[in-house]
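Observations on the three-dimensional arrangement
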Amino acid sequence: MFIALMLAASRVAADDGKLTGTVIGTTLSVDYSSGQSTQTVNTREQAFDGKLDTFFASWERSYTWVGLDLGQPCVITKVGWSPRNDGLGPGRVVLGVFEGANREDFMDGVPLYIITDKGTIGQISHAEVDCSAGFRYVRYVGPADARCNIAEVEFYGHAGEGDQSRLSQLTNLPTVSIHTLDGVIPYDKENDITALITIISDNGAKLLSAPGGIRERGNASRTFPKKPWRIKFDKKQNVLNAPAKAKKWTLINNYGDKSLMRNLLAFELSRRMGMPYTPFGAAVDVVLNGEYKGCYQLCDQVEVNPGRVEITEMAPEDVSGEALTGGYFVEVDAYANEEKSWFNSQKGNPVTIKSPDEDEITAEQRSYIEGYFNKMENNWRTYLDLETFLRHFLVGELSGNTDTYWSTYMYKHRGSDIMYTGPVWDFDIAFDNDVRTYPVCSKNDYVFRSGGSCAGNMHNFVSDIINDQAGLAKLKEIWAAARNGGLTKENIEAFVSSHEQLLDRSQQLNFKRWPILSERVHQNPRALGSYSAEVEAVRKYMNDRIDWMDNKLGFVYDPTAIDRVVFDSTRPYAVYSVSGQYRGNSLRSLPSGVYVVVQGQHSFKQVIR
C-alpha cells in the first residue's frame, strides 16, 4: 500500500504543469550599460520570457525578487531556475529562496525551497517542493547583494488551497521566517518594526504564525554583518514547546561562534550545575523578508515571566510595606550608563534595573532596590544566596567565559532578604574563543582574574566571596556534587557530538552566507578553516577544562563514585530534544530519536527506537 501511495504521489507531481500568471516583483531594474536604474532593460518580465539569454537584474542589491500572481491558490510541487549568462551568474543563485504566500505583500510568505548549489548557464535546474499548502502568490528572492540576477524562474503545481499539514523547512532545524510591513529592515534597538513571525518545526508538521514586531538587540553583536534580533509577538505564544509562554524572544546571531553551539552548551552546563532557571534555546534557520540570514539560536528573552525569572512582578502602587520589597530583577552591566534606569553601587558597580520596567518604576521602588543592593554588597554573607552565586560562577569558569562579570543577572523575591544570581547568559566568546584569554587552560588562576572583563569592581566582589573560607568550602562542595552527579567528559562529549550532527546541514548554509571559517572575526584567537575543526576545538577545550577545574578545586574524579540515580517514570519529569527544545512531560508517542530527560536536578539520555 505504501509503495502504491508513493507511486500515485509521484504521478500526480509528474502531471502538474508549469504555472503561469501575472508577473510581479521588484519594479526597478539596472541597465548595466549605463549603470542607471530603469524599467525597460533587464526587467522582471524577462525572468518569465522562456529565454535563457535574457535576465532580470534589480536596481537594489538585496531583498529584491520576481514572481507570479497565479490568480488563485495553487499547490506548488516543483520549482525551476536558470542563472544569468555571465561569469558570476552561477554563483548568484546560491541561497536564493522560493516563497509562497496568499497576501500580495508576502507578509504571510513561507519558504518553499532554498538553492544550495551553483546553477548551470543555459540550463533549467529543478527541485521538488514538499509543501501541502496552496498559494496564490509565488516568488524567487535573490540572495543578499546579488541584484536578484536570474535568467528564468519556473513554478509547477496544480490549482487548490491545499492544507497546512506539511510545510517546508530549509533544513532539519526549525525555520523562522519573518516578514516586515513594507519590507522595512530593523535598524535599531528601540523601534519595533511591524512583522508577521512564522515558525515551522517538527519536519514541517507544526506551524506558528502570529503578528508581532522585530528590532535589533545586543551591544557588540549589533556591529556584526549578521545581526541579532529581538522578536515580540502581539500576544504570548508557546514557541517550539519552550517552558515559557511569552511575547518576547531573542534570535542570537552567533557570528563569532563558528561552532554555532557555545550558548547551547553553556545552557547544558547550567542545567547540570543545578541553576534554578536556565534559558531555553534552540538552533533555527532564519529568513527575513525572503532573504536567508543564517543559523541562529532562538532563546528566551531574559525577563520576569512564568517559566523564566519567576518573581513577583511589581505594580506602580507597590510603594510600601512588604509589597515594596520585590520582586526586583537587576543586571550588573558594563553598559548600564546607556540605559534609562540604572545606578552605581557604593562599591562602584553599574547596575541596570530590569524590573520594574524603566517606564513604570516609582521613586520609592528605585530608592529601595538601590539601598538594598548596597546593603547586599556590604554584607553578602547575610544577603547573598551563596548557592546560586557559586553555581553561576562555576558555569562561567568551566566555560571560560571572559564576559561572566561584564553582565551578571541577579534577582530578589518579595518578602525575602536574599539576592539570587542568574540566569547565565552570553557565551559566544567562551570555550576558548577570546584572544584576550586564550588559551584559558594555560592560566593558573580563574578567568575573571586573568583577563576577564568585569563591570565596575565586580572582580573585587567575586574575589571576596571565593576567597572566603566558607565560600571556598561551598564552591568545592557544589563542584564535587556536579561531577559525581553526571558532569563528566563523556556526557559533555556526547552533547557536543550530537549537536555537531544536528547542526550539520544548517552550518553548511550558514557558512555559504557568511564565509568566515578562514577569517578571525570578533575576538577569535584562531581561524581554523572548517566547521569540524571549530567543533573539535570546543570538544578539546571541555576535556582540558574539566581537568583544570578538578585540579583547581582539589577534586579527584572517581567514576565509581558517580551517583547512580535511576530515572523514575512515576515521578514528574520533562523531556527535551538534544537541541534543547521542550518536548513535553512524557516519553510516550515521541518519534524515534535521542532525548534528554530532566527529573529534579538530574538529567538522563533516553533513546527511543
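Chains are numbered independently. Their residues run from 1 in the order of the written sequence. In keeping with the predicted nature of the model, local features appear solely for residues at pLDDT of at least 70, side-chain atom pairs appear and are counted solely at 80 or more, and the whole-chain, interface and lining totals rest on all residues. Excluded from the side-chain calculation are hydrogens and water; included are all heavy atoms of the structure.

1. Things to note about the pattern of salt bridges
Condition: Definition used for salt bridges: Asp or Glu carboxyl oxygen within 4 Å of a side-chain nitrogen of Lys or Arg. Secondary structure is summarised from DSSP: a helix means a run of H or I of at least four residues, a strand means a run of E of at least two, and numbering begins at the N terminus for each. Think of it in three bands: residues with accessible area under 20% of the maximum for their type are buried, residues over 50% are exposed, and the middle band is partly exposed, with areas taken using a 1.4 Å probe on protein chains only.
Throughout the structure, instances matching the rule amount to 37 salt bridges. Residues Asp 145 and Arg 61 are paired through a salt bridge, measuring 2.5 Å at the closest nitrogen-oxygen approach. Pair noted here: Asp 145 is in the loop between strand E9 (134–141) and strand E10 (150–159) and Arg 61 is in the loop between strand E4 (36–38) and strand E5 (65–83), with a separation of 84 residues, a long-range link. For Arg 61, a relative accessible area of 39% puts it in the partly exposed group. The partner of Lys 489 in a salt bridge is Asp 547, with the nearest N and O atoms 2.9 Å apart. A residue pair is termed long-range when its members are at least 10 positions apart, and Lys 489 in helix H9 (residues 489–502) and Asp 547 in helix H11 (residues 531–552) qualify at 58 residues. Since its relative accessible area comes to 38%, Asp 547 is described here as partly exposed.

2. As for a negative patch on the surface
Our working definition: Nonpolar side chains (Val, Leu, Ile, Met, Phe, Trp, Tyr) are joined into patches within 5 Å and like charges within 9 Å, using only residues with over 30% relative accessible area and no salt bridge. For the accessible areas, the method is Shrake-Rupley and the probe is 1.4 Å, while residue cover comes only from the protein chains on display. Charged-residue counts in this description rest on Lys and Arg as positive and Asp and Glu as negative, His and the chain ends being excluded. The location of each charge is read from NZ of Lys, CZ of Arg, CG of Asp or CD of Glu.
Residues Glu 313, Asp 357, Asp 359 and Glu 360 make up a contiguous surface patch of negative charge. Mapped onto the elements of the fold, Asp 359 is located in the loop between strand E20 (350–355) and helix H4 (363–378).

3. A closer look at the sheet that holds strand E22 (residues 419–421)
As a reminder of what qualifies: At least two bridges found by DSSP between two strands is the condition for calling them paired. All axes here are fitted lines through C-alpha atoms, helices being fitted over the stretch that makes contact, and every angle between N-to-C directions spans 0 to 180 degrees.
Read from one edge to the other, the open sheet built from 5 strands follows the order E19-E20-E18-E21-E22, with strand pairing classed as antiparallel. In the strand order of this sheet, the two ends are held by strand E19 (342–344) and E22, each with one partner. Across this sheet, the average inter-strand angle for adjacent strands is 30 degrees, counted without regard to direction. When strand E18 (residues 328–333) meets E20, the two strands line up antiparallel, connected through 4 bridges. When the sheet's bridge partners are listed, Phe 329 is paired in E20 with Ser 355.

4. Some words on the pairing of E18
Counting buried positions along E18 yields 6 of 6 residues, so the element is predominantly enclosed. Neither face of E18 is left uncovered, since the one carrying Tyr 328, Val 330 and Val 332 and the one carrying Phe 329, Glu 331 and Asp 333 both have all their residues buried.

5. Overview of the packing of aromatic side chains
In this description, an aromatic ring pair is defined by two values, namely the gap between the centres and the angle between the planes. Here is the rule: Here a Phe, Tyr or Trp ring, Trp counted by its six-membered ring, pairs with any other such ring whose centre lies within 6.5 Å, and the pair is stacked when the planes are under 30 degrees apart, edge-to-face when over 60, and tilted otherwise.
Using the criterion set out here, one finds 27 aromatic pairs in the structure. Plain terms: the ring middles of Phe 393 and Phe 448 are 5.9 Å apart, the flat faces sit at 80 degrees to each other, and that makes the pair edge-to-face. Of the two residues, Phe 393 is situated in helix H6 (residues 386–398) and Phe 448 in the loop between E22 and helix H7 (458–467); the sequence distance between them amounts to 55 residues. For the pair formed by Phe 393 and Phe 448, the shared burial category is buried. An aromatic cluster of at least three residues, connected via ring pairs, comprises Phe 389, Phe 393, Tyr 405, Tyr 446, Phe 448, Phe 461 and Trp 548.

6. Details of the packing of H9 against H11
How we decide: Roughly parallel means an angle under 35 degrees; roughly antiparallel, over 145; roughly perpendicular, 65 to 115; everything else is oblique. In a left-handed crossing the near helix is turned counterclockwise from the far helix by less than a right angle, and in a right-handed crossing that turn is clockwise. Here a residue-residue contact requires only that any non-hydrogen atoms of the pair lie within 4.5 Å.
Between H9 and H11, whose axes approach to 10 Å, the crossing angle comes to 165 degrees. As the angle between them shows, H9 and H11 are arranged roughly antiparallel. Once H9 is placed against H11, the crossing between them reads as right-handed. Judged by residue contacts, Lys 489, Ile 492, Glu 493, Val 496, Ser 497, His 499 and Glu 500 of H9 engage Tyr 531, Ser 532, Val 535, Val 538, Arg 539, Met 542, Asn 543, Ile 546 and Asp 547 from H11.

7. A look at the confidence of the model for the chain
Fine structural detail should not be taken from predicted coordinates in areas where pLDDT scores are low. Stated formally: Here pLDDT means the predictor's own confidence in every residue, given as a number from 0 to 100.
Overall, the prediction assigns the chain a mean pLDDT of 93, with 92% of residues at 70 or greater. Segment residues 1–12: pLDDT under 50, and 0 contacts once partners within four positions in sequence are set aside and those in other chains are kept.

8. Remarks on the state of the cysteines
Heads up, the condition is: Cysteine sulfur atoms that pair up within 2.5 Å are treated as a disulfide.
For the structure on display, the rule yields 0 disulfides. With no disulfide partner, Cys 74 has as its closest neighbouring cysteine sulfur the one in Cys 131, 13 Å distant. Of the residues examined, Cys 74 reaches a relative accessible area of 4% and is grouped as buried. As a non-bridged cysteine, Cys 454 has Cys 441 as the owner of its nearest cysteine sulfur, 18 Å distant. Residue Cys 454 is classed as buried on the basis of its relative accessible area, which comes to 16%.

9. What to know about the environment of Gln 72
Mapped onto the elements, Gln 72 comes out in strand E5. A sequence separation of 88 residues divides Gln 72 from Gly 160, and the C-alpha atoms of the two residues are 7.8 Å apart. With sequence-adjacent residues up to four places away left out, Gln 72 is seen in contact with Phe 135, Arg 136 and Ala 159.

10. A few points about the sheet that holds strand E12 (residues 193–201)
One closed barrel accounts for 7 strands, arranged E11-E12-E13-E14-E15-E17-E16; its pairing is mixed. Going from strand to strand, the sheet's axes swing by 35 degrees on average, the running direction of each strand aside. Direction of pairing for strand E14 (residues 229–238) relative to strand E15 (residues 245–252): antiparallel, over a ladder of 6 bridges. Bridge assignment links Lys 232 to a residue of E15, and that residue is Lys 248. Relative to the sheet, helix H3 (residues 262–272) contacts E15, strand E16 (281–288) and strand E17 (291–300), its axis offset from that of E16 by approximately 155 degrees. Packing against the sheet, helix H10 (residues 504–513) makes contact with E16 and E17, and its axis sits at approximately 125 degrees to E17.

11. Re H11
What sets the pattern is the α-helix's 3.6 residues per turn: residues three or four places apart point alike. For clarity, the threshold we go by: How far a helix is expected to stretch is found by multiplying one less than its residue total by 1.5 Å.
For H11, spanning 22 residues, the distance from its first C-alpha to its last is 31 Å, which sits close to the expected 32 Å at 1.5 Å a residue. Just past H11, the residue Gly 554 takes up positive phi, approximately 65 degrees.

12. What to know about the environment of Gly 50
Counting through the fold element by element, Gly 50 comes out in the loop between E4 and E5. Residue classification places Gly 50 among the exposed positions, given a relative accessible area of 54%.

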